[in-house]
Amino acid sequence: MDRSVLHVDMNNFYASVECLYRPELRHLPVAVGGDPEQRHGIVLAKNQMAKRFGVQTGEALWQARQKCPKIVFVPPNFDRYLRFSRMARDIYCQYTDQIEPFGIDEAWLDVTGSTGLYGSGEAIANKIRNQIKAELGVTVSVGVSWNKIFAKLGSDIKKPDAVTVISKENYTQVAWSLPASDLLYVGRQTGKKLHRHYIDTIGELAQMDLVWLRERMGKWGEILWTFANGYDITPVAKCGEESFIKSIGNSQTTIRDLENEEEVKMLVYVLSESVAARMREHGFKARTVAISVRDTELIGYGKQGKTKQPTLLVTDIAKTAMELFRQLYPWKHSIRSVGIKATDFMLDSAPVQLDIFADNKRADKEEKIERAVDILRQRFGPYSIQRGVVLQDTKLTGFAPKTDHIIHPVSYF
């Protein structure tokens, strides 16, 4: 018996949720992003009207404004999005216990065992689509297939509020004519590499000689060939086996260019405060910290490294980030933006192998202090208590990134 796998993608998720709370925006072009007045932020999501003007996720707010002068920018509210994501998962749980999140707004569902109760995979997909629209007020697109890759591809084919079936009978007609870049994990660089070998569609990739492809692209070429042919047999994880958060990060385009390490340090501490606070909210400790930098020539630099111990402390995150920065950045130009990300999570309640050379009492004391600071900021606002390092230049550090943070999805692998 073939599996029946769904991929549910909540359409224009952040923007759709914001329009629910602000119905006067429903007929206007809307994008969720940062603060356009302070020269920072990117488009995190946009509604269908903004999409018609060519506004793209990930571009700077000023670029979106050039394309669509009447666009309305709304600051993100991630607590609200997490709430809707959990409510959607509650609906999925009515049909199966095999639910694997792929970010905050996407999930795979294996409904093979439920077809006897609720009908075919397509029938279940339509039930879920209609139920989410009726109960949550947002729309979803659902792909239906016998494997996760084609189910994901199906949810991308027709948006919004649609169901697309890719079966063993029609996949060569539906999937193989699509650009290779539509396949999961074929990004810009991989797409260019495939194009150099005259591979532009999923069908051309599927029909390539596997040995030839492996010689030119290694193991990754074999994986993509497997995806294109529908040979993926990866199971859908059971509900609760994975978190939908892979990493938590913040970035900031500064009100003025950064000229020295001390200014970078101030920004790193502001961003680390936000990242650490969000980790504590979700009950995580991080084992890896990453820093990204963009200079005034818009050239990007990035590096990540392990922390000495799993941590949720601001000082540990910031110090690791600054060590990485010193190794990373050559100071050829001034700096325009900085980003901090924590990843490689473990639960903060999980046992940890202590380092006999570490000051574990200091870490316990700092954690209690930082949790107390969280309570104070929740009650009296983000500026009620601040570190001395960020008070050296309050114009530079006078922003609260915690409400503008980024949640990164769990990797397919």
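Below is a short write-up of the structure.

What to know about helix α13 (residues 314–328)
- For α13, with 15 residues, the first-to-last C-alpha span of 21 Å sits near the 21 Å given by 1.5 Å per residue.
- Among the residues of α13, Val-314, Thr-315, Ile-317, Ala-318, Thr-320, Ala-321, Met-322, Leu-324, Phe-325 and Leu-328 are the ones counted as buried.

Side note on the sheet that holds strand β2 (residues 30–32)
- One open sheet accounts for three strands, arranged β3-β2-β4; its pairing is mixed. Either end of the sheet is taken by a strand with one partner, and the two such strands are β3 (45–46) and β4 (72–74).
- Looking at chain direction, β2 and β3 are connected through two bridges and run antiparallel. Following the sheet pairing, Val-32 is matched in β3 by Ala-45.
- Its contacts with the sheet put helix α1 (residues 13–21) on β2, β3 and β4, and the angle it makes with β2 is roughly 115 degrees.

Let's talk about the nonpolar core
- If you look at the biggest cluster of nonpolar residues, it comprises 38 residues, and the most contacted ones within it are Val-268, Met-279 and Ile-291.
- Listing elements by their share of this core, those giving two or more residues are β9 (247–258), α12 (261–282), β10 (284–295), α13 and β12 (335–347).
- Take this core: its biggest share by element is 10 residues, from α12.
- With residues up to four places along the chain from it excluded, the contact list for Met-279 reads Ile-248, Phe-284, Lys-285, Ala-286, Thr-311, Leu-312, Ile-317, Ala-342 and Phe-345.
- Membership of the second largest hydrophobic core comes to 33 residues, among which are Ala-88, Leu-109, Leu-136 and Val-138.

Examining a positive patch on the surface
- Residues Arg-188, Lys-192, Lys-193 and Arg-196 make up a contiguous surface patch of positive charge.
- Along the chain, the position of Arg-188 falls in helix α9 (residues 188–196).
- You can call Arg-188 exposed: its relative accessible area is 69%.

Remarks on the sheet that holds strand β1 (residues 5–10)
- Reading across the sheet, the five strands line up as β5-β6-β1-β7-β8 and stay open at both edges, with mixed pairing between neighbours. Edge strands, defined here as strands with exactly one partner in the open sheet, are β5 (99–101) and β8 (162–165). Put simply, the sheet's adjacent strands are angled 20 degrees from each other on average, direction ignored.
- One ladder, built from six bridges, connects β1 with strand β7 (residues 140–145); its direction is antiparallel. Across the sheet, Leu-6 pairs through a bridge with Val-144, a residue of β7.

Comments concerning the pattern of salt bridges
- As enumerated under the stated definition, the model contains 28 salt bridges in all.
- With a closest N to O distance of 3.3 Å, Glu-18 and Arg-80 form a salt bridge. Taken together, the residues span a long stretch of sequence, with Glu-18 in helix α1 and Arg-80 in helix α4 (residues 78–92) at a distance of 62 residues.
- Accessibility expressed as a relative area gives 3% for Glu-18, which makes it buried.
- For Arg-80, a relative accessible area of 22% translates into the label partly exposed.
- In this structure, Lys-152 and Glu-106 form a salt bridge, with 2.9 Å as the shortest nitrogen-oxygen distance.

Description of unusual backbone geometry
- The linkage connecting Lys-159 with the following residue, Pro-160, adopts the cis geometry, with an omega of -10 degrees.
- On the secondary structure map, Pro-160 appears in the loop between α7 (148–157) and β8.
- The backbone of Tyr-185 shows a phi angle near 75 degrees, a positive value even though the residue is not glycine.
- One can find Tyr-185 in the loop between α8 (171–174) and α9.
- Relative accessible area serves as the criterion here: at 31%, Tyr-185 is assigned to the partly exposed category.

Focus: the packing of aromatic side chains
- Per the stated rule, a full pass over the model turns up 19 aromatic pairs.
- Each ring, one from Tyr-14 and one from Phe-78, has its centre 5.4 Å from the other, and the planes form 80 degrees; the classification is edge-to-face. Residue Tyr-14 is found in helix α1, and its partner Phe-78 is found in helix α4; the two are separated by 64 residues along the sequence.
- Through successive ring pairs, a cluster of aromatic residues spans Phe-13, Tyr-14, Phe-78 and Tyr-81.
- Between Arg-80 and the ring centre of Tyr-21, over which it is positioned, the NZ or CZ distance is 3.7 Å.
- Between the NZ or CZ atom of Lys-148 and the centre of the ring of Trp-108, over which it lies, the distance is 4.8 Å.

Examining helix α14 (residues 360–380)
- Between its first and last C-alpha atoms α14 spans 30 Å; for 21 residues at 1.5 Å apiece the expected length is 30 Å, and the two agree.
- Turning to α14, its buried residues number three or more, namely Glu-366, Glu-367, Glu-370, Val-373, Asp-374 and Arg-377. Within α14, the buried residues cover an arc of 125 degrees as seen down the axis, which keeps them to one side. Within α14, the exposed residues directed more than 90 degrees away from the buried face are Lys-361, Lys-365, Lys-368, Ile-375, Arg-379 and Phe-380.
- Gly-381 occupies a position one or two residues after α14 and carries a positive phi of about 105 degrees.

How each quantity is defined
- The residue count restarts for each chain, going from 1 along the sequence in the order it is written.
- Whole-chain, interface and lining totals are the exception, using all residues; otherwise, since this is a predicted model, local features are given only for residues with pLDDT of at least 70 and side-chain atom pairs are given and counted only at 80 or more.
- Hydrogens and water are ignored here; the side-chain numbers use all heavy atoms of the structure.
- Secondary structure is summarised from DSSP: a helix means a run of H or I of at least four residues, a strand means a run of E of at least two, and numbering begins at the N terminus for each.
- Every helix has an expected span of 1.5 Å times one less than the residues it contains.
- The classification of residues rests on relative accessible area computed with a 1.4 Å probe and restricted to protein chains. Under 20% of the type maximum is buried, over 50% is exposed, and intermediate values are partly exposed.
- Two strands make a pair as long as DSSP finds a minimum of two bridges between them.
- Only heavy atoms enter the contact rule, under which two residues are in contact if any of them lie within 4.5 Å.
- The angle between two axes is taken between their N-to-C directions and runs from 0 to 180 degrees, where each axis is a line fitted to C-alpha atoms and a helix contributes only its stretch in contact.
- Only buried Ala, Val, Leu, Ile, Met, Phe, Trp, Tyr and Cys residues count toward a nonpolar core, and they belong to the same one when joined by side-chain atoms within 4.5 Å.
- Patches here: salt-bridge-free residues with over 30% relative accessible area, like charges joined within 9 Å, nonpolar side chains (Val, Leu, Ile, Met, Phe, Trp, Tyr) joined within 5 Å.
- Surface accessibility follows the Shrake-Rupley procedure with a 1.4 Å probe radius. Residue values consider only the protein chains on display as shielding.
- In the sections that follow, a salt bridge refers to a side-chain nitrogen of Lys or Arg positioned within 4 Å of a carboxyl oxygen of Asp or Glu.
- Charge convention: Lys and Arg are scored as positive, Asp and Glu as negative, and His as well as the terminal groups of each chain are ignored.
- Charge placement uses NZ in Lys and CZ in Arg. For Asp and Glu, CG and CD serve respectively.
- For Phe, Tyr and Trp, rings pair up if their centres lie within 6.5 Å, where Trp contributes its six-membered ring, and each pair is then called stacked (planes under 30 degrees apart), edge-to-face (over 60) or tilted (otherwise).
- Counted as over-ring charges are cases with an Arg CZ or a Lys NZ within 6 Å of the ring centre that also lie within 35 degrees of the ring normal.
- This arc corresponds to the set of directions leading from the helix axis out to the C-beta atoms.

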